[in-house]
Amino acid sequence: MRYPIYSIAIILLLFTANPTFWSNEPIWEHKVAPELLDQAANQEVEFLVYLHDQASLDAFRQRPAGIQKKQQLLKALRTTTQRTQAPLIDLIEAAGQPYRSFFIANVIYTKGTIDLITTLAKQEAVATIQPNPWTKLQEPEVHRSLIDLRDPLEWGIDTINAALVWELGNRGEGIVVGGQDTGVEWDHPALINQYRGWDGTTAEHNYNWHDAISEISLLHEDPVISPELNRCGLSTGIPCDDLFHGTYTISIAVGDDENGNQVGVAPGAKWIACRNMERGYGSPASYIECFEWFLAPTDTLGQNPDVAQAPHVLVNSWGCPEIEGCNPDNWALMEQVIETLRTSGIVVVNSAGNDGPGCNTISKPSAMFKNTLTVGSTTRQDEISGFSSRGLVTVDSSFRLKPNVVAPGSSIRAATLNGGYTTASGTSAAGPHVAGLVALMLSANPALIGEVDLVEDLVEQTAIPLFSNDTCNLVPGTAHPNPIFGYGRVDALAAVQAAMDVVSTTERLSANDQVLVFPNPVQSEAVFRVRENLTQLDVVLFDGVGRQVYEASDLGVVGGQCRVEIGHLSKGVYYFQIVADGAIWVGKLVKG
């Protein structure tokens with residue numbers, strides 16, 4: 001057979017450009033981060049193996065919130081990992097290396113030399129292999145230690161009107177706040193009664209505490225490597241804080257003692273915690289381990305996960321900068337982990353970072369991600385704190401508007417180690433204010449539990465707009481929202497009042513029990529479930545101030561349901577009026 005000369009040229013070009021074109025050897029080097037290849041050439045390194053096959057979240061995003069959804073999501077995640085990870089784990093065990101299997105994303109943590117990395121990278125199931133570098137916590141600036149010197153009401157709590165919510169009889173009861181940080185001094189006077197594991201007499205740490213720290217970080221450059229270097233030890237079964245930061249942040253969300261130290265926004269809420277940093281140093285693996293534990297908390301041995309024990313909102317006052325290992329190659333992994341948590345119904349609050357005052361300084365996971373509620377810091381005068389990181393997010397070329405909102409973060413007094421109190425500044429203090437605010441909202445209306453998008457929208461829409469003369473990436477600080485303050489400084493009273501106006505997904509909306517809206521909140525299509533044998537309806541919608549925004553006549557009813565497309569309407573609360581067979585039904589729906 002004769003081939004045209006240009007066909008031969010194409011074949012030669014393919015061979016020249018890709019020497020493996022004729023080879024049966026798999027291409028594996030491109031799966032491994034270049035810095036990891038260099039590091040592993042002469043030493044053992046930690047790394048994360050990310051698999052191609054990831055459980056899809058699409059089927060769960062629109063399902064009604066609740067335990068059943070969480071259980072089904074957990075089952076789907078674990079089924080994927082059990083089906084795909086086994087051959088890789090066999091290779092790791094054969095190499096005699098430790099490992100940890102994750103299911104919140106289909107990832108395996110392990111360590112080894114270039115030989116194990118090569119073996120794993122050649123497996124078809126492996127997508128990428130990334131380093132697992134330890135990263136340093138950006139600690140808040142501590143001003144002074146205080147025991148008795150305090151204002152009658154902490155200024156941050158006063159500014160966001162949390163005390164006015166308390167006067168309504170709502171202090172966050174029934175809600176659980178999770179803290180992922182340096183640990184917690186669980187028996188601190190401001191925290192012991194809020195600890196979910198304390199019943200007033202005995203402590204139960206199963207499902208209430210997890211320690212993701214099993215080794216000393218080499219970044220400390222200690223003269224010797226020993227567990228005794230950490231005041232808490234390693235893999236502890238009892239809550240402990242090896243720095244102070246975790247105690248400080250969780251107390252701003254829920255803290256209160258018997259001596260009038262009301263330092264927490266939601267002192268009626270409970271807390272659980274996971275230690276993700278060793279004296280301030282964490283890694284992608286330790287962060288992922290804690291995120292996974294919050295999705296389905298376990299006993300202190302890491303067994304028997306139970307989604308019913310998950311918190312409702314998470315405090316994250318840490319960042320993972322690119323210079324210390326979090327980079328564009330592993331951002332997608334961290335973002336996937338957070339999206340899984342949100343899909344399960346957990347609100348993920350993240351401090352913006354302390355890299356201000358420049359623009360584009362919100363540049364670290366997980367504050368930079370779309371799916372976190374990112375919080376900047378303000379002063380007593382409702383001005384932006386000089387240290388507070390600002391948007392837009394340019395590091396990933398998204399030009400995403402961040403922060404979402406701001407909250408008090410300058411000179412905030414809260415709990416510290418050994419039963420004391422301290423005053424410090426940082427967005428680490430601002431984030432917990434918002435986590436506490438979310439707890440107040442969910443306590444006011446439990447129907448909002450699991451409705452993450454709607455909760456975040458209400459936080460943003462009820463914030464007090466703040467403005468700046470600065471401009472970031474041609475977006476002026478006079479815009480609303482803007483890259484300095486986001487939607488503004490949070491207002492707990494306004495947010496709780498708005499939350500109380502939201503109608504439950506199962507609440508019957510009319511006095512005569514004839515019509516339901518499902519789901520509620522509504523995304524793009526409202527489904528009216530009719531209790532009578534009707535064939536058509538007239539539907540009118542009004543906005544919150546009574547203006548008619550939608551009208552349709554003779555809409556058909558099929559199978560007891562009438563579907564109304566409202567995707568064009570803005571987010572918010574609407575009132576409906578349904579007329580059929582001479583009867584009128586009224587109620588509320590929420591456009592999420």
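Right above here is the structure, for reference.
Residues numbered from 1 in each chain as written. Predicted model: local features only at pLDDT ≥ 70, side-chain atom pairs only at ≥ 80, totals over all residues. Heavy atoms only, no water.

Chemist: Please clarify how helix α8 (residues 245–254) should be interpreted in this entry.
Modeler: Since one α-helical turn is 3.6 residues long, residues separated by three or four positions face the same way. Taken across its ten residues, α8 has ten buried, putting it largely inside the fold. Among the residues making up α8, those that are buried are H245, G246, T247, Y248, T249, I250, S251, I252, A253 and V254. (Buried < 20%, exposed > 50% of the residue type's maximum accessible area, 1.4 Å probe, protein only. Helix = DSSP H or I, 4+ residues; strand = E, 2+ residues; numbered from the N terminus.)

Chemist: In this structure, what is going on with the sheet that holds strand β1 (residues 45–51)? I would like to understand it.
Modeler: Strands pair in a sheet through their backbones, by hydrogen bonds, and they do so in one of two ways: parallel or antiparallel. Ordered by their spatial adjacency, four strands build an open sheet running β2-β3-β1-β4, and the pairing between neighbours is antiparallel. Both outer strands of the open sheet, β2 (99–102) and β4 (126–131), are each paired with one neighbouring strand and no more. Neighbouring strand axes in the sheet, compared pairwise and without regard to direction, differ in orientation by 25° on average. As paired elements, β1 and β4 share five bridges and run antiparallel to each other. Counterpart to L48 in the pairing with β4 is Q130. Lying over the sheet, helix α4 (residues 67–94) contacts β1, β2, β3 (107–112) and β4, oriented at roughly 170° with respect to β2. (Pairing = 2+ DSSP bridges. Axes fitted to C-alpha atoms, helices over the stretch in contact; angles between N-to-C directions. Contact = heavy atoms within 4.5 Å.)

Chemist: Help me understand the state of the cysteines in this model?
Modeler: Under the defined criterion, the tally for this structure stands at three disulfides. What pairs with C232 in a disulfide is C240, and their sulfur atoms sit 2.0 Å apart. Given an S-S torsion of about -75°, the disulfide between C232 and C240 has left-handed geometry. C240 shares its class with C232; the two are buried. Paired by a disulfide, C359 and C472 hold their sulfur atoms 2.0 Å apart. (Disulfide = S-S within 2.5 Å.)

Chemist: Would you explain the environment of Q180 in this entry?
Modeler: Summarising the element assignment, Q180 is placed in strand β7 (residues 176–181). Separated by 110 residues in sequence, Q180 and C290 place their C-alpha atoms 6.7 Å apart. Every residue in contact with Q180, bar those within four places of it in the chain, is listed here: C274, N276, S286, Y287, C290, F291, F294, V315, N316 and W318. Of note is the side chain of Q180, whose polar atom sits 3.2 Å from the side chain of N276. Side chain to side chain, Q180 and N316 meet in a polar contact 3.0 Å long. (Polar contact = N/O pair within 3.5 Å; in protein donor to acceptor, adjacent residues only side chain to side chain.)

Chemist: What is the right way to read the packing of helix α11 (residues 427–444) against helix α13 (residues 492–500) from this model?
Modeler: The relative placement of two packed helices is expressed as an angle between their axes plus a distance between the axes. Two numbers describe how α11 lies on α13: the axes approach to 8 Å, and their chain directions differ by 30°. As the angle between them shows, α11 and α13 are arranged roughly parallel. α11 and α13 meet at a crossing whose hand is right-handed. Counting all contacts with α11, which are made through L437, L440, M441 and A444, the residues of α13 involved are A492, A495, V496, A499 and M500. Here the contact of α11 with α13 is built from residues that sort into nine nonpolar, no polar and no charged. (Parallel < 35°, antiparallel > 145°, perpendicular 65-115°, else oblique. Left-handed = near helix turned anticlockwise from the far one by under 90°. Nonpolar A, V, L, I, M, F, W, Y, C, P; charged D, E, K, R; others polar.)

Chemist: How should the nonpolar core be read in this particular structure?
Modeler: By size, the foremost hydrophobic cluster in this structure holds 56 residues, and its most contacted members are V177, W271, V434, M441 and V459. When sequence neighbours within four positions are dropped, the list of residues in contact with V434 reads V349, L373, V375, V405, A407, V459 and V490. In terms of nonpolar packing, the next biggest core, distinct from the first, is built from 48 residues, F60, F102, C274 and V307 among them. (Core = buried A, V, L, I, M, F, W, Y, C linked by side-chain atoms within 4.5 Å.)

Chemist: It is not clear to me how the side chain of Q194 should be interpreted in this structure. Could you clarify?
Modeler: Mapped onto the secondary structure, Q194 falls in the loop between β7 and β8 (209–211). Sequence-distant contacts of Q194, defined by excluding residues within four places in its chain, comprise V254, D256, P267, A269, K270 and W271.

Chemist: What's the story with the packing of aromatic side chains in this structure? I'm lost.
Modeler: The geometry of an aromatic ring pair is captured by the separation of the ring centres together with the interplanar angle, meaning the angle of the planes. Evaluation of the coordinates by the stated rule reveals eight aromatic pairs. Seen in terms of ring centroids, F291 and W318 are 6.0 Å apart; in terms of plane orientation they differ by 55°. Their pairing is tilted. Taken as a pair, F291 in helix α9 (residues 284–295) and W318 in the loop between β12 (313–316) and α10 (328–344) lie far apart in primary sequence, 27 residues in all. F291 gets classed as buried once you look at its relative accessible area, which sits at 0%. (Phe/Tyr/Trp six-rings, centres within 6.5 Å; stacked < 30°, edge-to-face > 60°.)

Chemist: How should I be thinking about the sheet that holds strand β25 (residues 572–580) in this particular structure?
Modeler: Within the open sheet, the four strands sit side by side as β23-β22-β25-β26. Their pairing is antiparallel. A strand with exactly one partner marks an edge of an open sheet, and here the two such strands are β23 (548–556) and β26 (583–591). The average angle at which neighbouring strand axes cross in this sheet is 20°, direction not considered. Two elements, strand β22 (residues 536–542) and β23, share six bridges in a ladder whose sense is antiparallel. Pairing of Q536 across the sheet is with G556, part of β23.

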